[in-house]
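# Coordinate inspection notes
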Amino acid sequence: MASVVVVGAQWGDEGKGKIVDLLTRYADYVVRFQGGNNAGHTLVVDGRTYIFHIIPSGILYENKTCVIGNGVIIDPGVLLDEIAGLGEQGISVSRRSLLISSNAHLIMPYHRRLDQAREEALARENKIGTTGRGIGPCYMDKVGRVGMKVGDLLDPGLFKDKLQAAVDEKNFILTRQFGGEPLDISSILEQFAGFAEQLAPLIGNVSVELDQARRQGKHILFEGAQGTQLDIDHGTYPFVTSSNTIAGNACIGAGFGPAHISEVIGILKAYTTRVGEGPFPTELPEGDVIGDALQSKGHEYGATTGRRRRCGWFDAVVANDAVRLNGLTGFAVTKLDVLSGLKKLRIATSYEVADTTYRHMPENIRLARLARPVYEEMAGWDTEITAVRAYEDLPSAARDYLRRLEDLTGVAPILVSVGPDREETLLLRNPFAA
Ligand code: GDP
Ligand code: IMO
Ligand code: MG
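Residues numbered from 1 in each chain as written. Chains lettered and ligands numbered in written order. Predicted model: local features only at pLDDT ≥ 70, side-chain atom pairs only at ≥ 80, totals over all residues. Heavy atoms only, no water.

### Examining the overall build of the chain
Rule in force here: The way it works is that DSSP assigns letters per residue, a run of H or I at least four long becomes a helix, a run of E at least two long becomes a strand, and they are numbered from the N terminus. Note on method: radius of gyration uses C-alpha positions; expected globular size equals 2.2 Å times residues raised to 0.38. Here's how the labels work: a residue is buried when its accessible area is under 20% of the maximum for its type, exposed when over 50%, partly exposed in between, all with a 1.4 Å probe on protein chains only.
Along its length, the chain carries twelve helices and 21 strands. Here the C-alpha radius of gyration of the chain, 22 Å, is about what a compact globule of 434 residues would show, namely 22 Å. When the backbone C-alpha atoms are referred to their principal axes, the chain occupies close to 65 × 50 × 40 Å. For the chain, with 434 residues in total, the buried portion stands at 58%.

### Here we look at the coordination of the magnesium ion (ligand 3)
By definition of the ideal shapes, four donors in a tetrahedron about a metal sit 109.5 degrees apart, and six donors in an octahedron sit 90 or 180 degrees apart. To be explicit about the condition: For Na, K and Ca the donor cutoff is 3.2 Å, while for all other metals N, O and S atoms count as donors only within 2.8 Å; water does not appear among the atoms, so some sites may look incomplete.
Surrounding the magnesium ion (ligand 3) are the protein donor atoms Asp13 (OD) and Gly40 (O), which sit 2.0 to 2.2 Å from the metal. A residue pair is termed long-range when its members are at least 10 positions apart, and Asp13 in the loop between β1 (3–8) and α1 (16–24) and Gly40 in the loop between β2 (29–32) and β3 (41–45) qualify at 27 residues. On the basis of relative accessible area, Gly40 is assigned to the buried category, the value being 10%.

### Some details on the site of ligand 1
Here is the rule we go by: We call a residue near a molecule or strand as soon as one heavy atom of that residue lies within 4 Å of the molecule or strand. By the criterion applied in these results, polar contacts are pairs of N or O atoms within 3.5 Å in which, for protein atoms, one can donate a hydrogen and the other can accept it, and in which residues neighboring in sequence qualify only through two side-chain atoms. Here the Shrake-Rupley method, with its probe set to 1.4 Å, supplies the accessible areas, and only the displayed protein chains count as covering residues. Ten residues, namely Ala, Val, Leu, Ile, Met, Phe, Trp, Tyr, Cys and Pro, are considered nonpolar, four, namely Asp, Glu, Lys and Arg, are considered charged, and the remaining ones, Gly among them, are considered polar.
Taken together, 18 residues are adjacent to ligand 1, and Lys16, Gly17, Thr42, Asp337 and Ser417 come closest. For ligand 1, an oxygen atom lies 2.7 Å from a polar atom in the side chain of Thr42. A distance of 2.8 Å separates a nitrogen atom of ligand 1 from a polar side-chain atom of Asp337. The fraction of the free accessible surface of ligand 1 (580 Å²) that becomes covered by protein chains is 92%. For the shell around ligand 1, the secondary-structure elements that each account for two or more residues are α1 and β3. No other element matches the three residues that α1 contributes to the shell around ligand 1. Its residues placed into classes, the shell around ligand 1 shows four nonpolar, seven polar and seven charged.

### Considerations on the packing of aromatic side chains
Spelled out, the test is: Each Phe, Tyr or Trp ring, with Trp reduced to its six-membered ring, pairs with another whose centre is within 6.5 Å; inter-plane angles below 30 degrees give stacked pairs, above 60 give edge-to-face pairs, and intermediate values give tilted ones.
Applying the stated criterion across every chain, the model contains six aromatic pairs. Members of the aromatic cluster, joined through ring pairs, are Phe159, Phe192 and Phe195.

### Details of the sheet that holds strand β14 (residues 310–312)
To keep it simple, the criterion reads: Should DSSP find at least two bridges between two strands, the strands are regarded as paired. Residue contacts are counted whenever heavy atoms from the two residues lie within 4.5 Å of one another. For helices, the fitted axis covers only the stretch in contact; all axes are lines through C-alpha atoms, and the angles between them, taken along N-to-C directions, range from 0 to 180 degrees.
If you trace the three strands from one edge of the open sheet to the other, you get β12-β14-β13, paired in antiparallel fashion. Each end of this open sheet is capped by a strand with a single partner; those strands are β12 (272–274) and β13 (283–284). The pairing of β13 with β14 spans two bridges and is antiparallel. The partner of Glu283 across the bridge, within β14, is Gly312. Contacts from helix α9 (residues 289–297) reach β13 and β14, with the element oriented near 115° to β14.

### Observations concerning the sheet that holds strand β20 (residues 413–417)
Pairing within the open sheet is mixed, and its ten strands lie in the order β9-β7-β5-β2-β10-β1-β11-β16-β20-β21. Looking at the sheet topology across the chains shown, the edges are occupied by β9 (203–204) and β21 (425–427). Sheet topology note: the β20/β21 ladder contains three bridges and is antiparallel. Note on β21: the bridge partner recorded for Ser417 is Thr425.

### Digging into the domain arrangement of the chain
Convention followed: The split of the chain into domains comes from an automatic or database domain assignment. Once two parts are joined, some of their accessible surface, as seen by a 1.4 Å probe, is lost; buried area is that loss totalled over both. Here, a salt bridge means any Lys or Arg side-chain nitrogen found within 4 Å of an Asp or Glu carboxyl oxygen.
When the domains of the chain are assigned, the result is domain 1 (3–103 + 202–260), domain 2 (106–199) and domain 3 (268–427). The C-alpha-based centres of domain 1 and domain 3 are spaced at 24 Å. Interface area for domain 1 against domain 3, summed over the two sides, is near 3000 Å², with a carbon-plus-sulfur share of 59%. Linking domain 1 to domain 3 there are three salt bridges. For Glu423, the salt bridge is made with Arg25, and the minimal N-O distance between the two is 3.9 Å. Our count for the contact surface shared by domain 1 and domain 3 stands at 22 residue pairs in polar contact (both at pLDDT 80 or more).

### Some points on helix α6 (residues 185–199)
Put simply, the rule reads: Every helix has an expected span of 1.5 Å times one less than the residues it contains. In this context, the arc is that of the directions from the helix axis out to the C-beta atoms.
Look at α6: 20 Å from first C-alpha to last across 15 residues, which is about the 21 Å you get at 1.5 Å a residue. Every buried residue of α6 is accounted for by Ile185, Ile188, Phe192, Phe195, Ala196 and Leu199. The buried residues of α6 occupy one face: seen down the axis, they fall within an arc of 105°. In α6, the exposed positions that point more than 90 degrees away from the buried face belong to Glu190 and Glu197. Elements in contact with the buried residues of α6: α2 (76–88), β7 (98–101), β8 (105–106), α3 (109–121), α5 (156–177) and β9.

### Quick notes on unusual backbone geometry
Between Tyr237 and Pro238 the backbone carries a cis peptide bond, its omega angle lying at 10°. Structurally, Pro238 can be placed in the loop between β10 (220–223) and α8 (248–252). In the Ramachandran plot, Asn63 falls in the positive-phi region, its phi being about 60° despite a non-glycine side chain.

### Examining the pattern of salt bridges
Scanning the model with the defined rule gives 24 salt bridges in all. Sharing partners across several salt bridges, the network here consists of Asp13, Lys269, Glu300, Arg309 and Lys335.

### A look at the site of ligand 2
The environment of ligand 2 is formed by 21 residues, the closest being Asp13, Lys16, His41, Thr131 and Thr241. Note that an oxygen atom of ligand 2 is positioned 2.8 Å from one of the backbone N or O atoms of Asp13. The contact in question runs from an oxygen atom of ligand 2 to an N or O atom on the side chain of Arg307, over 2.9 Å. Across the complex, the protein chains shield 98% of the 550 Å² of accessible surface that ligand 2 would expose by itself. For the shell around ligand 2, the residue count by class is eight nonpolar, ten polar and three charged.

### With respect to the pairing of strand β17 (residues 344–353)
Every regular strand shows the same layout, with side chains that alternate between the two sheet faces. When strand β15 (residues 314–315) meets β17, the two strands line up parallel, connected through two bridges. Opposite Asp315, over in β17, you have Ala348 as the bridge partner. With eight bridges joining them, β17 and strand β19 (residues 372–379) adopt antiparallel strand pairing. What sits directly across from Glu352, in β19, is Arg372. Examined bridge by bridge, β17 and strand β18 (residues 356–358) share three bridges and lie antiparallel to one another.

Listed below in structure tokens is the structure:
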């Protein structure tokens, strides 16, 4: 049996959905362990595009079990819409294909309202640029021990009591602090009774099921959301999401012991993007010819909010942070095809802040904003590479680029992605075949 964790190595949108979908071929279970429907994971299979926000990206396969762990926060309306969307495409979701942890927390209507109201109230320079999906407020309630859990849906008396207390408090904040309208508890109760009925058959104990699977020699794939620099502890705080996005959280967010993890794969875009606010040292400003080329050729628009993603050069400082924080055993390098046609490529190898050289992201947000990348330059390649299926067939400059990423990080690619489709991939080493 092997248990492989896949995480984003940068600021999210590295192509995790595609890679998880691809690796699911070798796995029995696919497990989301953190985040919520702030995630947008895109898969292209046989020319057809699927975007998943909450369901694990393994759902397109038959005879695999997708799991939503306790560390995930679930907006039940969004989850049920996603299940219905799959149904319309002939993919039925049952307890055999989807298990939801009773310990996962629920994103409630007041979480979305508070997320949006808080963002609106912040001064321009302090805005996080959240997805507005209620992520921060939901995790705040979880840590504040006043959260609503998936398991509460199965106990209507408990659910009502907890909801009453929560709505009383939230209405006070929404009306008094933000001057908004109060929420009506009876309509939430009615709506959630419907959600409870539909979700009940899918709810269970994730930790127990994964333990049994492991003992039976099953392969388990953990699917991270967001990316290392968005981690609540280790990212560019406060311009981060509200969960731990790094590999250690796969264990906490699914109730799985760390000694059972066999590999940690970092998904690494061949350049860098970021959506939302916050420091981004290698960013190319809007209007820059190369930045705009990356943005349009890479279709860099958020899969969740449709926002334009900021684009920039590859950043080895960020990649090395990911190696250290996640204990990466391999990279999956994505979107290499987007670099085709650029004459020169730049790679940031360190940052200068005043007189100090940094080889990791400065912890202080003011310093992170001031960081000036130190670049080295490499030759690009002219030919398109989306049709390439063997490493040796890549242009030599593309191979040099990959080798340089490996030299700078000490971690080798296990996979190179040359297009969005499942098939547009060069698998160099299968992490489940250890
Ligand atoms: P995720 O959040 O990490 O799953 O990434 P997203 O799905 O938000 O964004 C990645 C985008 O890049 C999606 O539109 C993918 O279809 C696309 N994509 C993934 N790998 C490749 C690749 O190798 N080349 C190109 N051109 N597109 C890719
Ligand atoms: P995937 O899984 C990229 C960013 C938001 C914002 C910050 C906080 O598709 O890679 P939140 O709504 O989480 O409170 O927003 O985090 N963010 C993402 N950026 N990809 C994601 O997910 C993201 N999820 C959140 O843009 O800057
Ligand atoms: Mg995404």
